[in-house]
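Secondary and tertiary structure notes
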Amino acid sequence: MAILDVSGLDAGYGDLQIIDDVDLAVGEGEYVTIVGPNGAGKSTVMKSVFGLTVHMGGSIEFAGEEISGYRPEEIITTGIGYVPQNDNVFPSLSVLENLEMGAYILDDVPQDRLERIFDRFPILEERRSQAAGDLSGGQRQMLAMGRALMLDPDLLLLDEPSAGLAPDLVGEMFDRIDQINADGTGVLLVEQNAKEALRRCDRGYVLVQGQNRYVDSGEALLANEQVRQDFLGG
């Protein structure tokens, strides 16, 4: 059963339509990746799910509830977490304060969830008093994911989590995403590192010029000769 069901979605920014009639679904606990060339509308689909674009048509349902037209502060209460590609931490706040900000809609910070974040990302506990702006790129990405997990979402949206990371850290980042998914959280990932993303996900979507081009298991898309030639570098 799909926990996220996007149907015939049209969306963009201002009067500019970026995506046209896009369909996408994520099952409970599923790991889904959106890939495609630059400018294909991948991030726009994800931002639309989180209420950050102009909704121009179609439907976005989450857990059976129509959420198209909801604001991000409403969407976060439904069980969706979002980690943007850029500006995804509060640099002047400490690591601990950033994590606490992830639970701002609650009356109290859930200490058990905080401890789970520290168990998952030990470096964050070591640097809990350090300003987030002083962390490395990989550590900031871990912090951004940790903050999004503070509300224990059913679905985590990740926009280009490997962007800007040193090559030797990319595999580690994907390993952490794998573990988040293995622990029961659904993942919707937008990623330029298409081969690695498709290798790890359950299912993938290839977007081209704002429209669906292919959808299949990650393994099948990697084996598709046309997909490999056109989008994966052969």
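Before any of the text, the structure's been laid out above.
1. Structural notes on the sheet that holds strand S1 (residues 2-13)
- The four strands lie next to each other as S2-S1-S4-S5, forming an open sheet whose pairing is antiparallel. Here the strands that pair on one side only, and so sit at the sheet edges, are strand S2 (16-27) and strand S5 (65-66).
- The pairing of S1 with S2 spans eight bridges and is antiparallel. For Asp5, the partnering residue across the bridge sits in S2 and is Ala25.
- Packing of helix H1 (residues 42-49) onto the sheet brings it into contact with S1, S2 and strand S4 (54-62), and relative to S1 it is tilted by some 115°.

2. Some thoughts on the pattern of salt bridges
- Considering all chains together, one arrives at 10 salt bridges under this definition.
- Here Glu30 makes a salt bridge to Arg203, at a shortest N to O gap of 2.9 Å. Of this pair, Glu30 sits in the loop between S2 and strand S3 (31-35) while Arg203 sits in strand S9 (residues 203-208), and the two are 173 residues apart along the sequence. Accessibility assignment for this pair places Glu30 and Arg203 in one class, buried.
- Taking the shortest distance from any N to any O, the salt bridge between Glu172 and Arg176 comes out at 2.9 Å. Taken together, the positions of Glu172 and Arg176, both in helix H7 (residues 167-182) and four residues apart, correspond to about one turn of that helix.

3. Examining the layout of surface pockets
- In this structure, the largest pocket occupies an estimated 410 Å³ of space.
- Contributing to the lining of the largest pocket are 19 residues, with Phe50, Ile76, Tyr82, Tyr104 and Arg147 lying nearest its centre.
- Counting only elements with at least two residues in the lining of the largest pocket, the list comes to helix H2 (72-75), strand S6 (80-83) and helix H6 (137-149).
- Across the lining of the largest pocket, the residue classes tally to 13 nonpolar, three polar and three charged.
- Within this model, the second largest pocket holds a volume of roughly 240 Å³.
- Lining the second largest pocket are 13 residues, with Gln85, Asn86, Asp87, Asn88 and Arg140 sitting closest to its centre.
- Split by residue class, the lining of the second largest pocket holds four nonpolar, seven polar and two charged.

Rules of the game
Residues numbered from 1 in each chain as written. Predicted model: local features only at pLDDT ≥ 70, side-chain atom pairs only at ≥ 80, totals over all residues. Heavy atoms only, no water. Pairing = 2+ DSSP bridges. Helix = DSSP H or I, 4+ residues; strand = E, 2+ residues; numbered from the N terminus. Contact = heavy atoms within 4.5 Å. Axes fitted to C-alpha atoms, helices over the stretch in contact; angles between N-to-C directions. Salt bridge = Lys/Arg side-chain N within 4 Å of Asp/Glu carboxyl O. Buried < 20%, exposed > 50% of the residue type's maximum accessible area, 1.4 Å probe, protein only. 1 Å grid on protein atoms, 1.4 Å probe; cavity = no way out; pocket = protein on both sides within 12 Å on 5 of 7 lines; lining within 4 Å. Points joined across faces, edges and corners; volume = space filled by probe spheres on them. Nonpolar A, V, L, I, M, F, W, Y, C, P; charged D, E, K, R; others polar.

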